[in-house]
Amino acid sequence: MAERTGTAALIEALRDRRRNAAALLVVIGVLIGAALVGSRGAYFTAALVVFSVWMAWFVLACIEWIKRADF
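Here is a short report on the structure shown in this document. Since the structure is predicted, the reported quantities are computational estimates derived from the model, not experimental observations.

A look at the environment of Ala42
- Of note, Ala42 is situated in helix α3 (residues 40-68).
- A relative accessible area of 14% means that Ala42 is categorised as buried.
- It is 14 Å that separates the C-alpha atoms of Ala42 and Ile28, two residues lying 14 residues apart in sequence.
- Contacts of Ala42, omitting those with residues within four sequence positions, involve Ala34 and Val37.

Some thoughts on a nonpolar patch on the surface
- A contiguous nonpolar surface patch, about 650 Å² in accessible area, is contributed by Phe51, Trp54, Met55, Phe58, Val59, Leu60 and Ile63.
- Looking at where Phe51 falls in the secondary structure, it is placed in helix α3.

Here we look at the packing of helix α1 (residues 6-14) against α3
- The N-to-C vectors of α1 and α3 enclose an angle of 135°; their axes lie 8 Å apart at closest approach. The orientation of α1 relative to α3 falls into the category oblique. Judged by the sense of rotation from one axis to the other, the crossing of α1 with α3 is right-handed. When α1 is examined against α3, the residues Gly6, Ala9, Leu10, Glu12, Ala13 and Leu14 are found in contact with a partner set consisting of Trp57, Ala61, Glu64, Trp65 and Arg68.

Considerations on helix α2 (residues 17-37)
- Along its 21 residues, α2 runs 30 Å from first to last C-alpha, staying within 8% of the 30 Å computed at 1.5 Å per residue.
- Within the sequence span of α2, burial applies to Arg19, Ala23, Val27 and Ala34. One side of α2 holds all its buried residues, which, seen down the axis, span an arc of 60°. Exposed side chains of α2 directed beyond 90 degrees from the buried face belong to Arg17, Arg18, Leu24, Leu25 and Leu36.
- Next to the buried residues of α2 lie α1 and α3.
- Two or three places before Arg18, at the start of α2, stands the capping residue Asp16, its side-chain oxygen 3.3 Å from that residue's backbone nitrogen.
- Positive phi appears at Gly38, one or two residues downstream of α2, with a value of about 80°.

As for the pattern of salt bridges
- Counting across every chain of the model gives three salt bridges.
- One salt bridge connects Arg68 with Glu12, and the closest N-O pair in it is separated by 2.9 Å. With Arg68 in helix α3 and Glu12 in helix α1, this pair connects stretches of sequence that are 56 residues apart.
- Across the pair Arg68 and Glu64 runs a salt bridge, and its minimum N-O distance is 2.9 Å. Residue Arg68 and its partner Glu64 are both found in helix α3; the two are separated by four residues, about one turn of the helix.

Rules behind the numbers
- Residues numbered from 1 in each chain as written.
- Predicted model: local features only at pLDDT ≥ 70, side-chain atom pairs only at ≥ 80, totals over all residues.
- Heavy atoms only, no water.
- Helix = DSSP H or I, 4+ residues; strand = E, 2+ residues; numbered from the N terminus.
- Buried < 20%, exposed > 50% of the residue type's maximum accessible area, 1.4 Å probe, protein only.
- Contact = heavy atoms within 4.5 Å.
- Patch = residues over 30% accessible without salt bridge, like charges linked within 9 Å, V, L, I, M, F, W, Y side chains within 5 Å.
- Areas by Shrake-Rupley, 256 points an atom, 1.4 Å probe, with all protein chains shown as cover.
- Salt bridge = Lys/Arg side-chain N within 4 Å of Asp/Glu carboxyl O.
- Axes fitted to C-alpha atoms, helices over the stretch in contact; angles between N-to-C directions.
- Parallel < 35°, antiparallel > 145°, perpendicular 65-115°, else oblique.
- Left-handed = near helix turned anticlockwise from the far one by under 90°.
- Expected span 1.5 Å × (residues − 1).
- Arc of directions from axis to C-beta.
- Polar contact = N/O pair within 3.5 Å; in protein donor to acceptor, adjacent residues only side chain to side chain.

As structure tokens, this is what we get:
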């Protein structure tokens, strides 16, 4: 029998407050910067950065989930 289920490992992986806070702060900072500049290019760049941050967060959360899970 597995010691830790996939669901429990997923919950633990998503509770990483440092990773969540870092991603949120970067996203907020980029969006504020784009709002201050106010150009279409700034908003486009902000959207690309936000997407990249989200993808990095997602990949790191998945890696942590796989490490913690006992399949």
